[in-house]
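Here is how the chains run, residue by residue.
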Amino acid sequence: MAEEVFGDGLQATRAYVELLATDGVVRGLIGPREVPRLWERHVLNSAAVADAVPQGARVVDVGSGAGLPGIPLGLARPDIALTLVEPMARRVEFLEEAVAALGPRPWRVLRGRAEERSVVTAVGPVDVVTARAVAPLPRLVGWCRGLLRPGTQLVALVGARAVEELPGMLPELERAGMRDIHPRAVGASLGDAATTVVVMTRGGR
Ligand SMILES: C[S@@+](CC[C@H](N)C(=O)[O-])C[C@H]1O[C@@H](n2cnc3c(N)ncnc32)[C@H](O)[C@@H]1O
């Protein structure tokens, strides 16, 4: 399955999983109990997001942590340009080392919070903002306001409960300028790693 998803990037993906299982655990970014399920629950689950990302997109992964979903997405999709944004120094250090180890690729790491002007300026225009387990959707949209220019999509990996609660959040998300808000099943061929993301687009011009 991983061979199908990552193709030529499979060897780099193995190296990333190894980094998560070693350095990631030692530095407290990944719980030791997660190690046996890194592929399914974290790496393939993140790569499933690729279904919702257009060809050649400029992507920023907000609150990337140890690189999820950004790094698996970038490994599965060498056509995308990727920026990983993360405020915590320890996580940024891990991300910088992982990006250096897996490169060269059109990826970069920025330290900061999504809502900071310096981050918005450094990221520049993007087609897609991704985020996994960063904040409830209305707060996430608020933080990403500067990154979400008209036409930019937000693809959020949020878990089953947030998908269920989506209808109740629609008015608030629409007031924040988001349009075409809908759940989308992704990674159908990935067995247990298949998931549902919430997709929405910033309206206006
Ligand atoms: C629960 S972790 C999830 C990490 C990763 N996305 C994953 O799925 O494993 C949430 C991450 O969001 C980051 N974060 C919190 N507030 C943020 C903000 N305002 N802008 C960007 N990242 C933020 C945290 O530092 C943390 O790494």
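Preceding this section is the structure that the text describes.
This write-up is about the structure you can find in this document. The model shown is predicted, which means the values in this text are computed figures rather than measured ones.

The next point concerns helix H9 (residues 166-175). Of the positions making up H9, those classed as buried are Leu-166, Met-169 and Leu-173. What you see down the axis of H9 is that its buried residues fit within an arc of 60 degrees, all on one side. Projecting away from the buried face of H9 at angles above 90 degrees are the exposed residues Pro-167, Gly-168 and Arg-175. Tucked inside the fold, the buried residues of H9 contact helix H7 (137-143), helix H8 (160-164), strand E6 (178-186) and strand E7 (195-202). With its phi angle positive at about 95 degrees, Gly-177 sits one or two positions after the end of H9.

Our focus in this paragraph is the packing of aromatic side chains. In total, this model carries one aromatic pair according to the counting rule given. Ring geometry for Phe-6 against Trp-39: centres 6.5 Å apart, planes inclined by 65 degrees, an arrangement best described as edge-to-face. Of the two residues, Phe-6 is situated in helix H1 (residues 2-6) and Trp-39 in helix H3 (residues 38-47); the sequence distance between them amounts to 33 residues. When its relative accessible area of 29% is taken as the criterion, Trp-39 is described as partly exposed. Residue placement shows Arg-113 over the ring face of Trp-143; its charged tip is 5.7 Å from the ring centre.

What follows covers the pairing of E7. With seven of eight residues buried, E7 is to be regarded as a mostly interior element. Relative to E7, strand E5 (residues 153-157) is paired through five bridges, and the arrangement is antiparallel. Note on E7: the bridge partner recorded for Ala-156 is Val-198. Sheet topology note: the E6/E7 ladder contains seven bridges and is antiparallel. Its bridge partner lying in E7, Arg-184 is registered against Val-197.

Okay, the side chain of Thr-152 next. Note that Thr-152 resides in the loop between H7 and E5. Thr-152 sits in the buried class, given a relative accessible area of 2%. In this view, Thr-152 contacts Val-126, Asp-127, Val-128, Val-129, Leu-147, Met-200, Thr-201 and Arg-202; residues no more than four positions away in its chain are not counted.

The full set close to the ligand counts 16 residues, and Leu-68, Glu-86, Arg-91, Glu-115 and Arg-132 are the nearest of them. With respect to the ligand, the backbone of Gly-63 contributes an N or O atom lying 2.8 Å from a nitrogen atom. In the complex, 80% of the free accessible area of the ligand, which totals 590 Å², lies under the protein chains. Among the detected pockets, the ligand sits in the largest pocket. Split into classes, the residues belonging to the shell around the ligand amount to eight nonpolar, three polar and five charged.

It is worth spelling out helix H2 (residues 10-26) at this point. Under the 1.5 Å per step criterion, the end-to-end length of H2 is 24 Å for 17 residues, consistent within 8% with the ideal 24 Å. Helix geometry: H2 is bent most strongly at Leu-20, by close to 30 degrees. Taken as a whole, H2 has its buried residues at Leu-10, Ala-12, Thr-13, Tyr-16, Val-17, Leu-19, Leu-20 and Gly-24. Buried residues along H2 sit against H1, H3, helix H4 (70-76) and helix H5 (89-102).

A separate point is the layout of surface pockets. One number sums up the size of the largest pocket: a volume of about 630 Å³. Gly-63, Leu-68, Arg-132, Ala-133 and Val-134 are the residues nearest the centre of the largest pocket, which is lined by 28 residues in total. The leading source of residues in the lining of the largest pocket is H3, at three residues. For the lining of the largest pocket, the class distribution of residues is twelve nonpolar, nine polar and seven charged.

About the cut-offs
- Residues numbered from 1 in each chain as written.
- Predicted model: local features only at pLDDT ≥ 70, side-chain atom pairs only at ≥ 80, totals over all residues.
- Heavy atoms only, no water.
- Buried < 20%, exposed > 50% of the residue type's maximum accessible area, 1.4 Å probe, protein only.
- Helix = DSSP H or I, 4+ residues; strand = E, 2+ residues; numbered from the N terminus.
- Arc of directions from axis to C-beta.
- Contact = heavy atoms within 4.5 Å.
- Phe/Tyr/Trp six-rings, centres within 6.5 Å; stacked < 30°, edge-to-face > 60°.
- Lys NZ or Arg CZ within 6 Å of the ring centre and 35° of its normal.
- Pairing = 2+ DSSP bridges.
- Near = heavy atom within 4 Å.
- Polar contact = N/O pair within 3.5 Å; in protein donor to acceptor, adjacent residues only side chain to side chain.
- Areas by Shrake-Rupley, 256 points an atom, 1.4 Å probe, with all protein chains shown as cover.
- 1 Å grid on protein atoms, 1.4 Å probe; cavity = no way out; pocket = protein on both sides within 12 Å on 5 of 7 lines; lining within 4 Å.
- Sits in = over half its atoms within 2 Å of the grid points.
- Nonpolar A, V, L, I, M, F, W, Y, C, P; charged D, E, K, R; others polar.
- Expected span 1.5 Å × (residues − 1).
- Bend = angle between axes of the 7 residues up to and from the residue.
- Points joined across faces, edges and corners; volume = space filled by probe spheres on them.

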